[in-house]
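# Coordinate inspection notes
The chain contents come next:
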Amino acid sequence: TRMRPLSICWGGGTAPIVIEGRVPAPGVFPPTRGTKFVSPGYFEAMGATYAGGRAFTAFDTIDAPPVVIVNETFARRYLPAGAVGTVLRNWASGIGPLGLNLMARQAGQHDGFPTEIVGVVADVKNAPLGQDVEPAIYFPARQFPFSEVFLAVRATDLTAAQAAVRGALRSVAPTVPIGL
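Residues numbered from 1 in each chain as written. Predicted model: local features only at pLDDT ≥ 70, side-chain atom pairs only at ≥ 80, totals over all residues. Heavy atoms only, no water.

## Considerations on the packing of aromatic side chains
Think of a pair of aromatic rings as described by two things: how far the centres are apart, and how the planes are tilted against each other in angle. Filter applied, for reference: Note on ring pairs: Phe, Tyr and Trp rings are taken, using the six-membered ring of Trp, and paired if centres are within 6.5 Å. Classes follow the plane angle, with under 30 degrees stacked, over 60 edge-to-face and the rest tilted. Secondary structure elements are defined from DSSP: runs of H or I of at least 4 residues count as helices, runs of E of at least 2 residues count as strands, and each element is numbered from the N terminus. Three exposure classes are used, based on accessible area relative to the maximum for each residue type with a 1.4 Å probe and protein chains only: buried under 20%, partly exposed in between, and exposed over 50%.
Applying the stated criterion across every chain yields a total of six aromatic pairs. Consider the rings of F74 and Y78, whose centres lie 4.8 Å apart with planes at 65°: the pair is edge-to-face. Taken together, the residues F74 and Y78, both in helix α2 (residues 72-78) and four residues apart, mark about one turn of the helix. Take F74 and Y78: they sit in the same class, and that class is buried. Here a set of aromatic residues connected by ring pairs shows up, and it is made of Y42, F43, Y50 and Y138.

## Describing the pattern of salt bridges
How we decide: Salt bridges, as used here, are contacts in which a Lys or Arg side-chain nitrogen is within 4 Å of a carboxyl oxygen on Asp or Glu.
In the structure shown here, the tally under the stated rule is three salt bridges. A salt bridge links R89 to E20; the nearest nitrogen and oxygen atoms lie 2.8 Å apart. Of the two residues, R89 is situated in strand β5 (residues 87-90) and E20 in the loop between β1 (14-19) and β2 (32-38); the sequence distance between them amounts to 69 residues. A salt bridge links R76 to D123; its shortest N-O distance comes to 3.7 Å. Residue R76 is found in helix α2, and its partner D123 is found in the loop between β6 (113-121) and β7 (136-140); the two are separated by 47 residues along the sequence.

## Let's talk about the environment of A152
What counts is decided by this rule: In this description, contact between two residues means that some pair of their heavy atoms is separated by no more than 4.5 Å.
Along the chain, the position of A152 falls in the loop between β7 and α4 (158-172). Taking the C-alpha atoms as reference points, A152 and Y42, 110 residues apart in sequence, are found 6.7 Å from one another. Ignoring sequence-local partners within four residues, the contact set of A152 consists of Y42, A45 and M46.

Next up, the structure:
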């Protein structure tokens, strides 16, 4: 994941999106949502279950079509008839598979970049404690070239898990700083 669970700012913040085929009413801003950039296995580590569609895979890379998974709150609020297969137009500034949105802006296209909803996942508590679950969109981390990464690990023995994670990370990236 790109942000720690339960952190105050838990991803790319919010940005306008439009559900393809729908025209926002005049003067009404498109829906905004919380974003999170996750890798395959994130939902399993968080104990979340899939409510429809598929999980992210190793094939959801920068060379693949842009995809997202939404939480149940997003699906209920914006797509009660079914979310999987719906295309969203995203205006998150300067992100997207290798900055597709930025390139589209430079080319004079202002209709956002398309991302297909491929799955719906049970709500994961990502906001600080005491806050309600918000509609959320999860992007595959492999489609976004950011530099900082947080690991979500599910374990019963914290000391053993930390040692295993440190060992695994040092074996593949011995010079990268690790904070646990």
